[in-house]
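Listed below, chain by chain, are the residues.
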Amino acid sequence: MKRTLLAALAICLSMLCTRSFADDNPWTSTTDPDQAPVPKWIWGKDDAKPNEVLEFRTTFDAGLPAKNMAENPSTAALWVAGDDNIVVFLNGKQIGKASRSTGDSGATLIDVRALLSPGKNVLAIRCTNIEGPAAIAAKLVVRGSYRDTFTLITDDHWKYSEAAVPKWITKNFDDSSYPNARVLGDYGMQPWGKLPAATPANQSTPVANLTLLPGFKAELLYSVPKPDQGSWVAMTPDPKGRLYVSDQNGSLYRVTPGPTPADTKVEKVDLKIGSAQGLLWANDSLYVDINGSYEGRNAGIYRVRDTNHDDKLDTIDPPLVLLKTRDGNNPAGGEHGPHAVIKGPDGKLYFVAGNFTSHPEPLSPSSPAQHWAEDLLLPREPDGRGHDPTIWAPGGCVSRMNPDGSDIEAFAIGLRNTYDIAFNPDGELFGYDSDMEWDVGTPWYRPTRVNHIVSGAEFGWRNGSGKWPTYYPDSLPAIVDTALGSPTGIVFGTDAKFPAEYQHVLFANDWAYGRVFAVHIKEKGSSYSATYEPFITGKPFDVTDIVINTDGAMYITIGGRGTQSGLYRITYTGPESTAKVPAPHDPAAAAARMLRHHLEAYQSHYDPIAVTFSWPYLNSTDRFIRYAARVAIESQPLAEWQDRALAANPPTASINALLALSRVGDKSLQPKILDALDRLGFKQLTRDQKLELLRTYDVCLIRMGDPDAATRDRLISHFDPFFPSHDQDLDHELSQLLVYLNSPTVVSKCMKLMSASDTQQEQMFYALILRTIKVGWTLPQRQTYFAWYNMAEEKYTGGASFKLFLQHMRTNAIKTLTPEEMTSLASVLSPAKTSTATLSAPSRPFVRNWTMDDLTPKLPLLDSGRSFAKGKAAFDAVSCIKCHKFGSDGGSVGPDITGVGSRFAPRDILESIILPSKVISDQYRETRFVTKHNGILLGTIQSEKGDSVVIRSNPLSPVDITIPKSDITRRSPSKLSTMPTGLLNVLHEDEILDLLAYLRAAGNPHDKAFKN
């Protein structure tokens, strides 16, 4: 029995009340400059001059122990302020900025736990005066179980310099000859007075918030200063163990990891290239896969080199390949754009792009993946929210090319949005593909999945309800389905200094729920099977990329969508050996893979023995070998195998040969193909053979056209006796075929199965396939059918598109009715009432126009003393539930915010509410249309046909607007979110904090407190 949300919240609340946050929160020890010891305002010996720059520094020993640095200190918080602009450095590394010249207070708060060193440390502050008086003030508080609290303040012991001095910010600089700073007075003096509370700056999730498997250790090496270095999403190591990383919408950086966080060095790559979601160091070069465009360079893969051998990249070669959107016009970009690029064991570059990206052109005729089509027997229902209505096969693609960009091939197709790919030690390619979370609750929902990406593979992604089931013989299945999530980076543990068990797993990042999976892969025939377990979980821990570096450690970046980034190092410190151990080896599986590779070699070129060699393997019991053999045969001249396919063969071989012929043969062959399929019979076949046979009939009819009336009748009489079979998959295939053929009995049989089904998914399947059939209905059946929609809209739940799928299915079904039926069914044809409310602030009294500066300093208060009941009340008060799915409740206008606390820090959650237009997900961005006759129209695209675009201007209304394409003069992505600003302005401070605490801790289906 499912636990209710309130009961789950009660459990979370009880957990919260018994938990101590003192060791997790870097701000629990006071850094309030108002409390003793009070910092001094300091400056040089003379009064400040306009545009004067002074550099201040002091050295100190905070008493940190040399060992167990991961556990100490528990608090290390630095408050610092300046007039006008300051830049702060600790141990030679820039750690923050503050400015009064931009209208801010000029103060900042920085968590420096990861940057302090045992022994000597140096804190340096560069201050730039614009005009008027100038000064700096600082207070550092360090606390740990090893000693009493250490406090450092600005005073007359600090040294300063009037000119920039090389290495001034480093530990070993000799400042003994420099003058001491002059104290102007205590904090609180005029003209500065008491400053507003400082904002914690650029601090990543502390390692205390991460849960790792026993024996593994995490270090936060670097908290990325977001205003300067953005949000990191891609990473690759070079042979020296340095990491090249990319800001999602900005520059590249080179990171040299040090033995401690303080020793880690970050350098900007001084070239106009960035916004990469794929990076690869290979062939003495950095390959950069730009997503979108950057500094005048369009999406594609670029080679960046060090031509003068000074250990700095200096040259960007012309693009090896350019990548465009599906319409072929704009540079491909966004969350479904160009992603990873890796080097294969064959020396070629393999790269993957999401389903909004067109396959690269020109494609070599040697491409293993060819002959793609939608291949849907019945009309699909496009996504209810119009997410991808014009995105067709081949969907997301894996391509490969030579290192110089020549000979580009389509290697595998039919993915949705695989972000990263990786080779295992056997030279086999894997990817972690995304789900479409809006499909949850429908029969066509496909979970996130790990795929074994073989040559010529098709994985069957199609938009809307068109996604192929995993048993189609013209596609390949996943090796394991995983949970709801957002897949990002993956890497094999092959070179990791981990225990043997974790040297042979695939580590896979889930951005949405803040975790890294360890996917345990096992040989199975010529492919693999897999299981998975959580390896790291965190809150927030929005993991983007993951690599194994030359030191055998794992490195992970967090960030994405403008959130706070950080770089983490994962090592093993437990008792088990980390000596390299060969992977388990099954000689039979190795032989099967070798055979598959032999077959795959024929997919790229003509070979006179290809058909003869491949033919027997059409009958293989190994699905991946059978698939490879069919694709190899399809790649050979039709004249060499057409007659052989039509002749007598063993059932499995015959089905796959006829499938190949249906895919590439001439339409005139349809009667012969259908005759050959009929000869196989149906009753005597195995279940798998029946499924493959039915799919082959489908493909023959889809690609070669409708059969004549006599053939149609023959096929109905052939299959009607076998339906229903009481096997769910077989009944799905039989029912679709009989609906396509207009069987006179199919409506009655499907309605009985629909009524007998005990899941919403199974009922919805039959509702879907019956929605376009016009004949064979009785009036009571129509009554029952449309009454189901009323019940389903009221009782059933799912993803963001679920209710809209139901509404659109109903609309299409109504189109099949006669006028007489419309009259008779009037009582059940009205759809369930849908809110037409506009997105506006709730009608509560105005409290305050809240800003980030108002609320960010209060975020440390989230860790104790919050009320979940009041948080839920605030959640309801501002109508979040109207637009956002949260747990099992809520609307579908905005992103699903279930588990938001696992991927976003409190500041990021707050920013997304106060500044909703700052970062807008591709899936929720409206399009702005400039028209000739109707002015400017704004809305989400619901569908797009040859001569018109259908948009929805109010996401809470079912009313659509059709815009003739001839009326459109320009279209562009909207820069404004559909989420209104000012939602928090009707709440008091405590209510906002309770709301944030509620969002952080509740609603995550993977939280132990919310499991059944």
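Refer to the structure printed above.
Residues numbered from 1 in each chain as written. Predicted model: local features only at pLDDT ≥ 70, side-chain atom pairs only at ≥ 80, totals over all residues. Heavy atoms only, no water.

Student: Sorry if this is basic, but what is going on with the overall build of the chain here?
Tutor: The secondary structure content of the chain amounts to 23 helices and 46 strands. Of all 1012 residues assigned to the chain, the portion counted as buried reaches 59%. Here the analysis covers contacts within the chain between residues at least 6 apart in sequence; of these, 68% occur between residues at least 24 apart. Element-wise, carbon and sulfur atoms account for 53% of the exposed surface of the chain, whose accessible area totals about 39700 Å². (Helix = DSSP H or I, 4+ residues; strand = E, 2+ residues; numbered from the N terminus. Buried < 20%, exposed > 50% of the residue type's maximum accessible area, 1.4 Å probe, protein only. Contact = heavy atoms within 4.5 Å. Areas by Shrake-Rupley, 256 points an atom, 1.4 Å probe, with all protein chains shown as cover.)

Student: So what exactly am I meant to see when it comes to the nonpolar core here?
Tutor: Nonpolar side chains in soluble globular proteins generally cluster together in the buried interior. Core analysis: the largest hydrophobic core is formed by 81 residues, its most contacted members being Ile 673, Phe 719, Leu 770, Tyr 785, Phe 786 and Trp 788. For Trp 788, the residues in contact, after removing those within four places along its chain, are Met 754, Gln 763, Met 764, Ala 767, Tyr 796 and Leu 806. Judged by nonpolar contacts, the second largest core, of 32 residues, contains Leu 78, Val 142, Phe 150 and Tyr 160. (Core = buried A, V, L, I, M, F, W, Y, C linked by side-chain atoms within 4.5 Å.)

Student: In this structure, what is going on with the sheet that holds strand β16 (residues 243-247)? I would like to understand it.
Tutor: Backbone hydrogen bonds are what pair the strands of a sheet, in a parallel or an antiparallel way. Taken in spatial order, the four strands line up as β15-β16-β17-β18 in an open sheet, and their pairing is antiparallel. On the outer flanks of this sheet lie β15 (232-237) and β18 (265-268), each paired with one strand and no other. For this sheet the average axis-to-axis angle between neighbouring strands, irrespective of direction, equals 25°. Bridge count between β15 and β16: five bridges; the pairing is antiparallel. Its bridge partner lying in β16, Met 235 is registered against Val 245. (Pairing = 2+ DSSP bridges. Axes fitted to C-alpha atoms, helices over the stretch in contact; angles between N-to-C directions.)

Student: Sorry, what's going on with the sheet that holds strand β10 (residues 159-161) here?
Tutor: What the five strands build is an open sheet, ordered β5-β4-β7-β2-β10; its pairing is antiparallel. Only two strands of the sheet have a single partner each, and these edge strands are β5 (93-99) and β10. With strand direction ignored, the average angle separating the axes of adjacent strands in the sheet is 20°.

Student: Can you help me understand the environment of Phe 904 in this one?
Tutor: Residue placement: Phe 904 occurs in the loop between α21 (900-903) and α22 (906-914). Here Phe 904 is in contact with Trp 511, Pro 540, Asp 542, Thr 563 and Ile 909, once residues within four sequence places are set aside.

Student: Explanation requested: helix α14 (residues 779-795) in the structure shown.
Tutor: In an α-helix, one turn spans 3.6 residues, which is why side chains three or four residues apart end up on the same side. In this model, α14 (17 residues) spans 24 Å end to end at C-alpha, consistent with the 24 Å of a helix rising 1.5 Å per residue. Taken residue by residue, α14 has Gln 781, Arg 782, Tyr 785, Phe 786, Trp 788, Tyr 789, Ala 792 and Glu 793 as its buried positions. Across the axial projection of α14, the buried residues extend over an arc of 135°, all falling on one side. Exposed and facing more than 90 degrees away from the buried side of α14 are Pro 780, Glu 794 and Lys 795. (Expected span 1.5 Å × (residues − 1). Arc of directions from axis to C-beta.)

Student: Would you mind going over the pattern of salt bridges with me for this structure?
Tutor: Think of it this way: side chains of opposite charge can pair up when their charged atoms draw near. Per the counting criterion, the structure on display carries 47 salt bridges. A salt bridge links Arg 242 to Asp 311; the shortest N-O distance between them is 2.7 Å. Placement of the pair is Arg 242 in the loop between β15 and β16 and Asp 311 in the loop between β21 (297-305) and β22 (315-316), with a sequence separation of 69 residues. Among the ionic pairs, Lys 749 bridges to Asp 720, the shortest N-O distance being 3.3 Å. Of this pair, Lys 749 sits in helix α12 (residues 746-756) while Asp 720 is found in the loop between α10 (709-719) and α11 (728-740), placing the two residues 29 residues apart along the sequence. Through salt bridges with shared partners, a single network forms among Asp 238, Lys 240, Arg 242, Arg 254, Lys 265, Glu 267 and Asp 311. (Salt bridge = Lys/Arg side-chain N within 4 Å of Asp/Glu carboxyl O.)

Student: I tried to follow the packing of aromatic side chains on my own but got confused; where do I start?
Tutor: Describing an aromatic ring pair means giving the distance of the ring centres and the angle of the ring planes. Counted by the stated rule, this structure contains 41 aromatic pairs. Relative to Phe 498, the ring of Phe 216 lies with its centre 5.0 Å away and its plane at 90°, an arrangement referred to as edge-to-face. Residue Phe 216 is located in strand β14 (residues 216-223), and its partner Phe 498 is located in the loop between β33 (487-492) and β34 (505-510); the two are separated by 282 residues in the primary sequence. For the pair Phe 216 and Phe 498, one class covers both residues: buried. A connected cluster of aromatic rings, assembled from ring pairs, spans Phe 216, Phe 498, Tyr 502, Phe 507, Phe 535 and Tyr 572. (Phe/Tyr/Trp six-rings, centres within 6.5 Å; stacked < 30°, edge-to-face > 60°.)

Student: What is the right way to look at the pairing of strand β35 (residues 515-524) in this model?
Tutor: Remember that side chains alternate between the two faces of the sheet whenever the strand is regular. Judged by how many residues are buried, β35 sits mostly within the fold: eight of ten residues are covered. Between β34 and β35, which pair antiparallel one after the other, the connecting turn spans four residues, and Gly 514 there sits at a positive phi close to 60°. Where β35 and strand β36 (residues 527-538) come together, ten bridges link them in antiparallel fashion. Paired with Ala 518 across the bridge in β36 is Glu 533. Counting the residues that bridge the hairpin from β35 to β36 gives two residues, and of these Gly 525 lies at a positive phi of roughly 60°.

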